[in-house]
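In case you want the letters, here they are:
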Amino acid sequence: MTPDLIVLDGRIRTMDPARPLVQALAARDGVVLALGDSAAIRALAGPGTRIVDAGGRLVLPGFQDAHIHLLNGGVELAEHAPLHGLPTLDALRAALAAHAARWSGPVVWGAGWSNGYFGDLNLTREVLDAAVPDRPCLIWDDGGHNACINSAAIAAIGLEDGTPDPLNGHFVRDARGRATGMLHEEAILWTLDRLPQATDESLRAGLLAGQAHANRHGITGVIDPDVREEHRRIYAAAEAAGELSLRVGGAIRIYGQDSVNEACDRATAWRALHRSRDFHLHSVKFFMDGGLENRTAAMLDPYADAAGGNAPTMFPPDQTAALFTALDALRFQIHVHCIGDAATRITLDGIAAARAANSDWPALHQIAHCQVVHPEDHPRFAALGVMANLQPLWAANDPGIPDATQAMIGPARTPWTYPFRSLIAAGAPFCINSDWSVSTLNPFEIIGTAVTREPPRHLGHAAPFLPGERLTVEECLLGYTVNAAAASWRGGYSGALKPGYSADLIVLDRDISACDPYAIAETQVDLTLCKGHEVWRAPAFGG
């Protein structure tokens, strides 16, 4: 069989232990046919074979991001005021007003304001009113757990003094009981349901922007960990139209108010609709807690700062066990957001209950974030077959933005924070990813931080954060390829470069295994192929 694609003169890291390094690769119809030296593979070419000369560069399997809000992040790129890193209310107002002057939609959106600078005490409806007085406005924080709305939005959604908080959500109010505009957790979804909805055309444009951004950084497969109706619909439409330039797996959102039957019926119906390699719904998503920034992380012991207090898990233990057991029996992967150590423990307990009730199977249930994990729970990941779904970019001290979360964690628990090396040493399966648009999706900034436990140097210098928890480059490559493919239930045909596997590959401008660890974050992707098709080429790459 004559290949339609050949890659020559590369340092091809296949991530296949049986044949870890080759010079060249041949593929046809998006599938790898053969690997070998350049002369042998070149001899397979026919008149119509496309030749890519890697020029001695490092070639890797396409990266897979197993926790990325691809559609939401793409819509932010296309339609939201960028508020990342703005340090003052004046700067935030100016950016928002400038965006509102350009944006004609019925709602003015913004995203990325920092919890280090803004929060319940200084970000209010009045701040937004000064920038956007004439239309509803909603701006997200940089973690996705808080948002603020203006007075026009409060009026549009009917938020009154007596409106009760939704389950697992909170409307911040002033001393008179009047809504300030700040929203926590499920109060955001309550609000979004009552604002004008984005059109499918707008969502489609966001998806195209998001996947182009991902392809540029070498990403050829994802898990969207919060699939709701609009996500399901837009991903399916893009697949039907042949517009997906990466593979999408999804985790169907389960809510605190769902009964076991409701959760199982919705998940089963959606999975039956979407089972292809390009778009499949194989997983269910739980938010077990919120975040430290708005004091909704669930800890085993109270917060250590002066304010103290704590938060319950969003799913009580009995409900967790019932839902996990039923969904595990239906062979769904369970994907859980956990920030606090109590959230992690209750999740592990729920998975243990499911395993006790059902036969063991290779689900690779996921615990995402693993911000604070009690040391007694480290070995339970391996024992229960639970994958640690890690975002290493957060495991660094920020050189500029204030961070109050470490005071809440306290010195006794600080060594338990982002314990990535400890989890892996205890045998936990793991994958590495971004949680974009919470942070950059650039895998190389993320790998650089995982290896150094320091921020990318273009952001400024900061002391290493718990350097004993550093990872190796090799572990990071596994976390983005073989392990991420397994997490996404694509391990049988992607995540490595070998015959019969998808021709998903990236060409880099440097060898991240050999370069200065602080230069890893500056790596550029010269070429991205998904199923043998070029989905990104750097302008200067002529291979």
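Provided above is the structure to which this section pertains.
Scope of this entry: the structure provided in the associated data block. Quick caveat, the model's predicted, so the values are computed rather than measured.

## As for the sheet that holds strand β4 (residues 24–28)
Whether parallel or antiparallel, the strands of a sheet pair through hydrogen bonds between backbone atoms.
So, step 1. On the basis of which strands lie adjacent, the open sheet formed by four strands has the order β5-β4-β1-β6 and mixed pairing. The sheet is open, and its two edges are formed by β5 (31–36) and β6 (50–53), each paired on a single side. In this sheet, adjacent strand axes meet at a mean angle of 20° when their direction is disregarded.
So, step 2. Sheet topology note: the β4/β5 ladder contains five bridges and is antiparallel. Within β5, the residue paired with A26 across the bridge is A34.

## Observations regarding the packing of aromatic side chains
Note on aromatic pairs: each is described by the distance of the centres and the angle between the planes.
So, step 1. What the rule picks out here adds up to 10 aromatic pairs.
So, step 2. Between F286 and F315, the ring centres sit 5.1 Å apart and the planes meet at 70°, which makes this aromatic pair edge-to-face. Linking F286 in strand β17 (residues 279–287) with F315 in the loop between β17 and α10 (317–329), this pair joins segments that are 29 residues apart in sequence. There is no split in this pair, since F286 and F315 are both buried.
So, step 3. Each ring, one from W394 and one from Y418, has its centre 6.5 Å from the other, and the planes form 65°; the classification is edge-to-face. Here W394, found in the loop between β20 (387–390) and α13 (405–409), pairs with Y418, found in the loop between α13 and α14 (420–425); they are 24 residues apart in sequence, far enough to count as distant.
So, step 4. The class of Y418 is buried, set by a relative accessible area of 7%.
So, step 5. An aromatic cluster is present here, built from F63, F444 and Y480 joined pairwise through their rings.
So, step 6. Over the face of the ring belonging to F287 we find K285, whose NZ or CZ atom lies 4.0 Å from the ring centre.
So, step 7. One Lys or Arg, R453, reaches over the ring of F420 and ends 5.5 Å from the middle of that ring.

## Some details on the nonpolar core
So, step 1. By size, the foremost hydrophobic cluster in this structure holds 105 residues, and its most contacted members are L25, L70, V284, F286, F381 and I512.
So, step 2. If one sorts the elements of this core by residue count, helix α11 (residues 341–357) sits on top with six residues.
So, step 3. Sequence-distant contacts of F381, that is, excluding residues within four places in its chain, are made with T344, L348, I367, C370, V373, V386, M387, A388, L423, A428 and P429.
So, step 4. Residues W140, L159, L183 and I188 belong to the second largest nonpolar core, which totals 21 residues.

## Some words on helix α9 (residues 260–273)
So, step 1. Taking 1.5 Å of rise per residue, 14 residues should cover 20 Å, and α9 covers 20 Å from first to last C-alpha, within 8% of that figure.
So, step 2. Of the residues making up α9, those classed as buried are A263, C264, A267, W270 and R271. Buried residues of α9 fall within an arc of 145° about the axis and therefore sit on the same side. Of the residues in α9, the exposed ones pointing more than 90 degrees away from the buried face are N261, D265, A272 and L273.
So, step 3. Check the buried side of α9 and you find it contacts β15 (219–227), α8 (229–240), β16 (247–253), β17 and α10.

## Some words on the environment of A363
So, step 1. With respect to the helices and strands, the residue A363 is situated in the loop between α11 and β19 (366–369).
So, step 2. Of the residues examined, A363 reaches a relative accessible area of 2% and is grouped as buried.
So, step 3. The residues contacting A363, other than those within four sequence positions of it, are Q333 and W489.

## Focus on the side chain of D526
So, step 1. On the secondary structure map, D526 appears in strand β23 (residues 525–530).
So, step 2. Those residues in contact with D526 that lie beyond four places of it in its chain are R57, V507, L508, D509, W536, R537, A538 and F541.

## Details of the packing of α10 against α11
So, step 1. Where α10 meets α11, the closest approach of the two axes is 8 Å, and the angle between their N-to-C directions is 45°. Relative to α11, the element α10 lies oblique. Like other packed secondary-structure pairs, α10 and α11 cross with a definite hand, here right-handed. The segment α10 lies against α11, with P317, T320, A321, F324, T325 and D328 engaging I346, T347, G350, I351, A353, A354 and A357.

## Let's talk about the pairing of β4
So, step 1. Burial analysis of β4 places four of its five residues in the buried class, the great majority of the element.
So, step 2. Of the strand pairs in this sheet, strand β1 (residues 5–8) and β4 are connected by three bridges, and their pairing is antiparallel. Within β4, the position partnered with V7 by the bridge is L25.
So, step 3. Hairpin connection between β4 and β5: a loop of two residues separates the two successive antiparallel strands, and D29 in this loop has a positive phi of roughly 55°.

Rules used throughout
Residues numbered from 1 in each chain as written. Predicted model: local features only at pLDDT ≥ 70, side-chain atom pairs only at ≥ 80, totals over all residues. Heavy atoms only, no water. Pairing = 2+ DSSP bridges. Helix = DSSP H or I, 4+ residues; strand = E, 2+ residues; numbered from the N terminus. Axes fitted to C-alpha atoms, helices over the stretch in contact; angles between N-to-C directions. Phe/Tyr/Trp six-rings, centres within 6.5 Å; stacked < 30°, edge-to-face > 60°. Buried < 20%, exposed > 50% of the residue type's maximum accessible area, 1.4 Å probe, protein only. Lys NZ or Arg CZ within 6 Å of the ring centre and 35° of its normal. Core = buried A, V, L, I, M, F, W, Y, C linked by side-chain atoms within 4.5 Å. Contact = heavy atoms within 4.5 Å. Expected span 1.5 Å × (residues − 1). Arc of directions from axis to C-beta. Parallel < 35°, antiparallel > 145°, perpendicular 65-115°, else oblique. Left-handed = near helix turned anticlockwise from the far one by under 90°.

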